[in-house]
There are 4 protein chains.
Amino acid sequence: RPRGVLTLTCRERPGIVQAVTSFLLEHGLDIVEHHQFDDSERETLFLRTAFAADDVLDVPTLEREFASVADGFGMTFAFHGEEKPRLLVMVSKFGHCLNDLIFRWRAGTLGGDIALVVSNHPDLRPMAEAAGLPFVHVPSTAATKAEAEARLLELVAVHDIDLVVLARYMQILSDDLCRSLEGRAINIHHSFLPGFKGAKPYHQAYARGVKLVGATAHYVTPDLDEGPIIEQEVIRVDHGHHPNRLATVGQDAECLALSRAVRWHCEHRVLLHGSSTVIFR
Amino acid sequence: RPRGVLTLTCRERPGIVQAVTSFLLEHGLDIVEHHQFDDSERETLFLRTAFAADDVLDVPTLEREFASVADGFGMTFAFHGEEKPRLLVMVSKFGHCLNDLIFRWRAGTLGGDIALVVSNHPDLRPMAEAAGLPFVHVPSTAATKAEAEARLLELVAVHDIDLVVLARYMQILSDDLCRSLEGRAINIHHSFLPGFKGAKPYHQAYARGVKLVGATAHYVTPDLDEGPIIEQEVIRVDHGHHPNRLATVGQDAECLALSRAVRWHCEHRVLLHGSSTVIFR
Amino acid sequence: RPRGVLTLTCRERPGIVQAVTSFLLEHGLDIVEHHQFDDSERETLFLRTAFAADDVLDVPTLEREFASVADGFGMTFAFHGEEKPRLLVMVSKFGHCLNDLIFRWRAGTLGGDIALVVSNHPDLRPMAEAAGLPFVHVPSTAATKAEAEARLLELVAVHDIDLVVLARYMQILSDDLCRSLEGRAINIHHSFLPGFKGAKPYHQAYARGVKLVGATAHYVTPDLDEGPIIEQEVIRVDHGHHPNRLATVGQDAECLALSRAVRWHCEHRVLLHGSSTVIFR
Amino acid sequence: RPRGVLTLTCRERPGIVQAVTSFLLEHGLDIVEHHQFDDSERETLFLRTAFAADDVLDVPTLEREFASVADGFGMTFAFHGEEKPRLLVMVSKFGHCLNDLIFRWRAGTLGGDIALVVSNHPDLRPMAEAAGLPFVHVPSTAATKAEAEARLLELVAVHDIDLVVLARYMQILSDDLCRSLEGRAINIHHSFLPGFKGAKPYHQAYARGVKLVGATAHYVTPDLDEGPIIEQEVIRVDHGHHPNRLATVGQDAECLALSRAVRWHCEHRVLLHGSSTVIFR
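1. A look at the overall build of chain A
Piece 1. Within chain A, the secondary structure is distributed over 8 helices and 13 strands.
Piece 2. Relative to the compact-globule value of 19 Å for 281 residues, chain A shows a C-alpha radius of gyration of 20 Å, a close match.
Piece 3. Principal-axis analysis of the C-alpha atoms gives chain A an extent of 60 × 40 × 35 Å.
Piece 4. Of all 281 residues assigned to chain A, the portion counted as buried reaches 63%.
Piece 5. A separation threshold of at least 6 residues defines the contact pool for chain A, and within that pool the share at least 24 residues apart is 66%.
Piece 6. Per element, the accessible surface of chain A, about 10,700 Å² overall, is 52% carbon and sulfur.
Piece 7. Counting 28 positive and 37 negative side-chain charges, chain A places the centres of these two groups 8 Å from one another.

The following block contains the structure:
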């Protein structure tokens, strides 16, 4: 039986869940997984319902018919069918996250389909092409940055991309690009945010004698390294870990946090909540 | 506003959630937290809904009126009001879990109220009494075991106990006692189950050179150490940890796992699922 | 057999370990645990040797006789006998760390002996006194801060204190006090440093949607929250954790990190390394 | 400057460290990393010393000259030069560990060099060959098992293999093969040992409602799944993880535990200690 997902957010009010479940029941859709979070502090409801249908899912029709329910409650909502989201992965020279994402994609556990790899350096072309993925080299300098970002947005449009994954892409995106990709670009930050922002985080961590290194996957926003956090992971280290070894250990945390964030996003398990996120695992 | 919780289990069928939410809406109860898990493999639905009411909650009336809904779907259900569950804590000589439970109870984060402490040894009387708790010494030998267990059940009845917490109680309960406490007795096992069952788990762990020690909180069942798992915790160790030091580290894992299991049970977040559990955190 | 510990730091040079082990051998001291870390980047050697003696240990004589070895290599060193370090614990209103430290002290796993509890609030007097500990109330306002700090230093001197433990003491120490306690005062910071410094860290963490909360035990330095890190711990959380619940979970991390830091310090397992630490577990 | 490592085990006696450090000093070798563990319970000393030399290291000569020191103390010892150990990786159909090992090998963080991949199935040939590695398909049935194991030992000899890595090789090795590879074959067990031995561990784990899944890297011994543990890792799961999803999460733990075990072995950081291990990280 085909499956779909409904996600929605609205201000708390009595009757919301009843309205949603009635709608699904009337349309012959069986709930198979239901998550709901009521943030009483901010009086906001977050809901994700996965359902099974007897026939082919017609997402546009569902969305049109649900609109009248949604209007009554002031809901922001979306229906999602079974097609896997299409991913554009951006890299620079570090390949550990790309390698990890490719393996999970092929094993069928990534949640989405990688459509192409884009990089400002040519180094990882062999890794992408060995996996049968198109690799587009888009160099970016101070002089060509605007052009390079335009090219990226063109690739996003042409390849019908749902999610841009910054898998250790070592260039800062312009505010404009961040805004145009809002909610559909995930970055992996190579340290445990909000600590050790900026350059050389593992050198900073070493200088303080940290005992745990981590990584943070977050949505991209114009405020560098300040986007809503989706997932974090840490691994224990000790004084014997010089910055290079800290970085090697940190890469394991980066792979774990990024791949989970991508999968949850692709399965529509991440709902934005201002500067925060609600994750329905 | 007073709050309550509804928990239920039943076979999956269309319309369940709709029926529940309609009932709550009609009774003027606002959903403030809703969790639902559909085990598609075993075709069973688990549901927990916390709600707020405008008036005093009348649990018996709610249960009586909900019975007609429940009958139609073959639900097993319960409504819970705001009174905190009453706990009887059983100990022997190790005091770390009792000390931890007492602190959390006083800080208001345990979820339940400790009513009394029962022990087969007198050692922890001062700890219990310093906290203002009655301490009942019920010695138990091979000859007096049946009598001691009868005394325990009497204390459970007299003190109106909702949950028995075996906080490193070092005696095996009889099958009969296990059955009569089914679903309302939690044990902390001093190792990471199912590994290292039986005596001296830390010596067994040491002999194998384990790199992580753990603890497992589970419901008590006649099958020793085989009850449904509620929570587990692990802490990293190394070869320098002789059995005694492993045990000391393991005690930290025991306190964390047991207190979480108790809190989740008291908040009606744990639903039994055969030999397993569903936890709605 | 009595046991002792030698700790030392010096610039790397050939022959250091040979000189140390020869000295111990000549004095009839058997090495029972030896740790050594050579920071090749900063060309510094850190060494901790625990040894067993046939007779009573005479620490002052050992230190005097070792001085000639130490001079040749420019070592900073100390011999430690079997007496447990004496601790002064400072608290305000939160009792979870004090409760945890008291339990470990009585169980014999804290590493040191708590001599007294000092607080700027009277709230925790019952907890201290129930454990048989003197409790000294030293109120501190803007006007009386200098006086209060003088009183604290007096208590440190009178009670022959080796280590001051700030167990959620909610007052900022003056730079002068920090300097006079350098290397012998440990603070627990109620978040995962260097993230979320300053006030209300759990509110900051909630606003960003963090998925792990942590705690950091560090030596006190005039740079607030910037002292050398001794231990860190994290616990997984989710979007359902409002700031209050984050704080409750964070308290578990605080107890674990602080008690480990105190034990390692008391066992002479922590060597300062500029703004960092070397931990010989 | 070239570097080497000395590892040794012997019964505890005064003067061991002094003898070792004197030997190194006399041979112009500077200690750059020194670990030592004295198991007072079993009265055994474990020691690992990494050193730097001014000239090319002559391992055979060092071993010959050290023999007289070793004889006096009854030491078991080995000197190791700078050549990276050569690895033979055995797989069946699951590729996650192979993919992970290949990536780390190419990134230079695996500790050893992969020489070839051997499998009882042809499925992973493309992955191996894409990395430029020879892939040898050695089918093994009940009838051909002896022959297949002989072929494996031949490959070990011909390719001068130092370590065999069973990266989810799904065939049980014969006792004879286990014995002939003792101390130089590492297996990854797809669960947290000693729990859930045997077939379908993730189904067993699911049935008990485990809250953490793990993996265990251990040396191969004739006692199936009972070899000395080198490393373990766990990852938190919940009731929503059906066996397939448990397995997917477990694979992350497997990659982490296996790659660490391989690196530590290759860096001569793992010393066997009966059924246990000493790890000098």
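Having seen the model, we can carry on.
2. Re the packing of aromatic side chains
Piece 1. Applying the stated criterion to the full structure yields 28 aromatic pairs over all chains.
Piece 2. Taking 5.5 Å as the distance between ring centres and 80° as the angle between the ring planes, the aromatic pair formed by F66(B) and F79(B) counts as edge-to-face. Remark: F79(B) occurs in strand β4 (residues 76-80) and F66(B) occurs in helix α2 (residues 59-73); sequence separation between them is 13 residues. Exposure class is identical for F66(B) and F79(B). Each is buried.
Piece 3. When the ring of F23(C) is compared with that of F66(C), the centres are 4.9 Å apart and the planes differ by 75°; the resulting orientation is edge-to-face. Taken together, the residues F23(C) in helix α1 (residues 16-26) and F66(C) in helix α2 (residues 59-73) connect sequence positions 43 residues apart.
Piece 4. Chaining the aromatic ring pairs together yields one cluster made of F23(A), F51(A), F66(A), F77(A) and F79(A).

3. Here's the deal with the relation of the copies chain C and chain A
Piece 1. For the match of chain C to chain A, the screw axis carries a shift of 0.0 Å, the RMSD comes to 0.0 Å, and the turn is 180°. One copy is carried onto the other by what is essentially a two-fold rotation axis. When each C-alpha of chain C is compared by its distance to the rotation axis, G195(C) comes out closest, at 2.1 Å.
Piece 2. A symmetric contact is evident, with 100% of the interface residues of chain C recurring at the interface of chain A.

4. A short note on helix α3 (residues 96-107) of chain A
Quick reminder: α-helices carry 3.6 residues per turn. Residues three or four places apart thus point the same way.
All names here are of chain A.
Piece 1. Here α3 is 12 residues long and its end C-alpha atoms lie 17 Å apart, about the 16 Å a rise of 1.5 Å per residue gives.
Piece 2. With respect to burial, α3 is a largely interior element, 9 of its 12 residues being buried.
Piece 3. Residues of α3 that are buried include every one of H96, C97, L98, N99, D100, L101, I102, F103 and R104, and no others.
Piece 4. Looking one or two residues beyond α3, the residue adopting positive phi is G108, at roughly 80°.

5. Some points on the pattern of salt bridges
Piece 1. A full pass over the atoms with the stated rule returns 68 salt bridges over all chains.
Piece 2. Two residues, D100(B) and R104(B), come together in a salt bridge whose shortest N-O distance is 2.8 Å. In this pair, D100(B) and R104(B) both sit in helix α3 (residues 96-107), 4 residues apart, roughly one turn of the helix. Take D100(B) and R104(B): they sit in the same class, and that class is buried.
Piece 3. Each of E33(A), R48(A), E267(A) and R269(A) takes part in salt bridges that share partners, so that together they form one network.

6. Considerations on the interface of chain D and chain A
Piece 1. Across the boundary between the two partners, chain D contributes 12 residues, which contact 12 residues of chain A.
Piece 2. Surface buried jointly by chain D and chain A totals about 1,500 Å² across both partners, of which 52% is contributed by carbon and sulfur atoms.
Piece 3. Looking only at chain D, the three residues that lose the most surface to chain A are N99(D), F103(D) and D252(D), adding up to 31% of its buried area.
Piece 4. On inspection of chain D and its partner chain A, the count reaches 2 salt bridges.
Piece 5. With a closest N to O distance of 2.8 Å, D252(A) and R104(D) form a salt bridge.
Piece 6. Only α3 (96-107) and α8 (243-266) of chain D provide two or more residues apiece to the side of chain D that touches chain A.
Piece 7. Among the residues forming the side of chain D that touches chain A, the class breakdown is 4 nonpolar, 5 polar and 3 charged.

7. So, the side chain of H268(D)
Piece 1. Along the chain, the position of H268(D) falls in the loop between α8 and β12 (270-273).
Piece 2. Contacts of H268(D), omitting those with residues within four sequence positions, involve V5(D), T7(D), R48(D) and H80(D).

8. Digging into a negative patch on the surface
All names here are of chain A.
Piece 1. A surface patch of negative charge is lined by E82, E83, D160 and D162.
Piece 2. Looking at where D160 falls in the secondary structure, it is placed in the loop between α5 (145-158) and β8 (163-166).
Piece 3. Judged by its relative accessible area of 53%, D160 is exposed.

9. Let's talk about the interface of chain C and chain A
Piece 1. Listed as interface residues are 40 residues of chain C and, on the opposing side, 40 residues of chain A.
Piece 2. Together, the buried faces of chain C and chain A total about 3,200 Å²; carbon and sulfur atoms form 51% of this surface.
Piece 3. For chain C, the biggest contributors to the area lost against chain A are R208(C), K211(C) and H239(C); these three give 24% of the whole.
Piece 4. Our count for the chain C to chain A interface comes out at 6 salt bridges.
Piece 5. For the salt bridge of R236(C) with E231(A), the shortest nitrogen-to-oxygen distance reads 3.0 Å.
Piece 6. Elements with a minimum of two residues in the side of chain C that touches chain A: β2 (30-39), α7 (201-208), β11 (229-236), α8 (243-266) and β13 (276-279) of chain C.
Piece 7. If one sorts the elements of the side of chain C that touches chain A by residue count, β11(C) sits on top with 7 residues.
Piece 8. Taken together, the residues of the side of chain C that touches chain A break down into 17 nonpolar, 11 polar and 12 charged.

10. A short note on helix α7 (residues 201-208) of chain A
Piece 1. Looking at α7(A), one finds that the buried residues are P201(A), Y202(A), A205(A), Y206(A) and R208(A). Projected onto a plane normal to the axis of α7(A), the buried residues spread over an arc of 165° and lie on a single side.
Piece 2. Those residues of α7(A) hidden inside the fold are in contact with β10 (212-219) and α8 (243-266) of chain A together with β2, β11 and β13 of chain C.
Piece 3. G209(A), located one to two residues past α7(A), shows a positive phi value of around 75°.

11. Quick look at the packing of α1(C) against α2(C)
In a packed pair of helices, the relevant descriptors are the angle between the two axes and the axis-to-axis distance.
Residue and element names in this part refer to chain C.
Piece 1. Relative to each other, α1 and α2 sit at 160°, their axes nearing to 11 Å. In this view, α1 runs roughly antiparallel relative to α2, as classed from their interaxial angle. Here α1 runs over α2; the crossing is right-handed. Contact with α1, carried on its side by I16, A19, V20 and F23, involves L62, E65, F66, V69 and F73 of α2 and no other residues of that element.
Piece 2. Residue classes in the contact of α1 with α2 are distributed as 8 nonpolar, no polar and 1 charged.

12. Some thoughts on the state of the cysteines
Piece 1. The full count for this structure, using the stated rule, is 0 disulfides over all chains.
Piece 2. Here C266(B) stays unpaired: no disulfide links it, and the sulfur of C97(B), its closest cysteine neighbor, is 15 Å away.
Piece 3. The thiol of C255(C) is unpaired, and the distance to the nearest cysteine sulfur, on C97(C), comes to 4.3 Å.
Piece 4. Classification of C255(C) as buried rests on a relative accessible area of 11%.

13. Here's the deal with the sheet that holds strand β8 (residues 163-166) of chain C
Residues and elements named next belong to chain C.
Piece 1. An order of β7-β6-β5-β8-β9-β10-β11 is seen for the 7 strands of this open sheet, with the pairing classed as mixed. Of all strands in the sheet, those with a lone pairing partner are β7 (135-137) and β11, marking the two edges. Shown here is a sheet whose adjacent strand axes are inclined to one another by a mean of 20°, direction ignored.

14. Quick notes on the domain arrangement of chain A
Quite often, the size of an interface is put as the accessible area lost when its parts meet.
Residues and elements named next belong to chain A.
Piece 1. Entries for chain A in the domain assignment read domain 1 (3-80) and domain 2 (86-279).
Piece 2. One C-alpha centre belongs to domain 1, the other to domain 2; they are set 31 Å apart.
Piece 3. Between domain 1 and domain 2, the contact holds 13 residues from the first and 7 residues from the second.
Piece 4. Buried area between domain 1 and domain 2, summed over both chains or domains, comes out near 830 Å², and the portion from carbon and sulfur atoms is 60%.
Piece 5. Contact with domain 2 buries surface across domain 1, with R42, F46 and R48 losing the most and accounting together for 54% of the total.
Piece 6. For the pair domain 1 and domain 2, the interface holds 1 salt bridge.
Piece 7. Ionic pairing is found between E33 and R269, a salt bridge with its closest N-O pair at 2.9 Å.
Piece 8. On the surface where domain 1 and domain 2 come into contact, there are 5 residue pairs in polar contact (both at pLDDT 80 or more).
Piece 9. Mapped by element, the contributors of at least two residues to the side of domain 1 that touches domain 2 are β1 (3-11), β2 (30-39) and β3 (44-52).
Piece 10. Split into classes, the residues belonging to the side of domain 1 that touches domain 2 amount to 5 nonpolar, 4 polar and 4 charged.

Cut-offs and rules
- Residues numbered from 1 in each chain as written.
- Chains lettered and ligands numbered in written order.
- Predicted model: local features only at pLDDT ≥ 70, side-chain atom pairs only at ≥ 80, totals over all residues.
- Heavy atoms only, no water.
- Helix = DSSP H or I, 4+ residues; strand = E, 2+ residues; numbered from the N terminus.
- Rg over C-alpha atoms; globule rule 2.2 N^0.38 Å.
- Buried < 20%, exposed > 50% of the residue type's maximum accessible area, 1.4 Å probe, protein only.
- Contact = heavy atoms within 4.5 Å.
- Areas by Shrake-Rupley, 256 points an atom, 1.4 Å probe, with all protein chains shown as cover.
- Lys, Arg positive; Asp, Glu negative; His and termini not counted.
- Charge placed at Lys NZ, Arg CZ, Asp CG, Glu CD.
- Phe/Tyr/Trp six-rings, centres within 6.5 Å; stacked < 30°, edge-to-face > 60°.
- Least-squares fit on C-alpha atoms with pLDDT ≥ 70 in both.
- Expected span 1.5 Å × (residues − 1).
- Salt bridge = Lys/Arg side-chain N within 4 Å of Asp/Glu carboxyl O.
- Buried area = accessible area lost by both parts, 1.4 Å probe.
- Nonpolar A, V, L, I, M, F, W, Y, C, P; charged D, E, K, R; others polar.
- Patch = residues over 30% accessible without salt bridge, like charges linked within 9 Å, V, L, I, M, F, W, Y side chains within 5 Å.
- Arc of directions from axis to C-beta.
- Axes fitted to C-alpha atoms, helices over the stretch in contact; angles between N-to-C directions.
- Parallel < 35°, antiparallel > 145°, perpendicular 65-115°, else oblique.
- Left-handed = near helix turned anticlockwise from the far one by under 90°.
- Disulfide = S-S within 2.5 Å.
- Pairing = 2+ DSSP bridges.
- Domains from an automatic or database assignment.
- Polar contact = N/O pair within 3.5 Å; in protein donor to acceptor, adjacent residues only side chain to side chain.

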